[in-house]
Amino acid sequence: FVDLWNSVSPAGGCSSDGGDEVDYAVGYARTFGKFSFDAGYFYFNLRNPELGGANIGDASLRVAFGKGPVRPYVHLDWLFGTKPEILEGGLGYRVGVQATAKKLLFGRDLTANVFVAGHDGEVGRSVERLSYGRAVLSTSVRVLGGITFVPSVFAQKTFSADGIARDHVWAELALSRSFSW
């Protein structure tokens, strides 16, 4: 896969906080029997003036188990800063379950993803073995030319008073186009 993702926070405009970035990704996904593997490299181009031009690289691996509508998974992220003296790297991890209900929402599939996450001190933070939990509901709507819209709603709960994550609820609308070769 090849992926390009952009985020601009509506609070204060472009480059006003840590939510503004352009992410680039390449990777490979494959299924072997009841296991699926997704490995990739992500580059997070952070547009935050407070970080002095530091960005993050991420070598990522996700392993999901089972073939049915409910699939537990483990996800690992090895992060490293392009300027480690400003933004350190570290190991992040998620353990979760993803479930898909077929044709539940106006004839569309509805996917729920629930996970807990932790890290070993990534991006210069204190170690948080159990940092936060997140629940995501999403569906996809395919339109002309193979373009897909994916609306999602997220709810996040932090387990640490001064951690990397905050209690937060938000919505996202993703736009994608898949290519096969």
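Above this text sits the structure in question.
Keep in mind that what you see is a predicted model, and the values were worked out from it rather than measured. (Residues numbered from 1 in each chain as written. Predicted model: local features only at pLDDT ≥ 70, side-chain atom pairs only at ≥ 80, totals over all residues. Heavy atoms only, no water.)

### Overview of the nonpolar core
Thinking step 1. Grouped together as the largest cluster of nonpolar side chains are nine residues: Ala25, Phe42, Phe44, Leu46, Leu51, Ala54, Ile56, Leu79 and Leu87.
Thinking step 2. Examining the composition of this core, we find that three residues originate from one element, strand β3 (residues 35-46), more than from any other.
Thinking step 3. Beyond its immediate sequence surroundings of up to four residues, Ala54 is in contact with Leu46, Thr82, Lys83, Ile86 and Leu87.
Thinking step 4. Within the second largest apolar cluster, six residues are counted, among which are Ala64, Ala117, Tyr132 and Ala165. (Core = buried A, V, L, I, M, F, W, Y, C linked by side-chain atoms within 4.5 Å. Buried < 20%, exposed > 50% of the residue type's maximum accessible area, 1.4 Å probe, protein only. Helix = DSSP H or I, 4+ residues; strand = E, 2+ residues; numbered from the N terminus. Contact = heavy atoms within 4.5 Å.)

### Focus on the pairing of β3
Thinking step 1. Of the pairings in the sheet, the one linking strand β2 (residues 21-32) to β3 comprises 12 bridges and is antiparallel in character. Directly across from Tyr28, in β3, lies its bridge partner Ala39.
Thinking step 2. Between β2 and β3, which follow one another and run antiparallel, lie two residues, and Gly33 among them has a positive phi close to 60°.
Thinking step 3. Bridge analysis of β3 against strand β4 (residues 56-65) gives 10 bridges, and the strand direction is antiparallel. Looking at β4, one finds that Gly40 is bridged to Ser60. (Pairing = 2+ DSSP bridges.)

### Looking at the environment of Leu46
Thinking step 1. Note on placement: Leu46 falls in strand β3.
Thinking step 2. With 10 residues separating them in the primary sequence, Leu46 and Ile56 have C-alpha atoms 7.7 Å apart.
Thinking step 3. Discounting residues that sit within four places of it in the chain, Leu46 has contacts with Asp20, Glu21, Leu51, Ala54, Asn55, Ile56 and Leu87.

### Quick look at the environment of Thr148
Thinking step 1. Among the secondary structure elements, Thr148 is positioned in strand β10 (residues 147-158).
Thinking step 2. Here Thr148 falls in the buried class, since its relative accessible area comes to 14%.
Thinking step 3. Distance in space between the C-alpha atoms of Thr148 and Asp109 is 13 Å, their sequence separation being 39 residues.
Thinking step 4. Once you skip the residues sitting within four places of it in the chain, Thr148 turns out to touch Ser140, Val141, Arg142, Ala174, Leu175 and Ser176.

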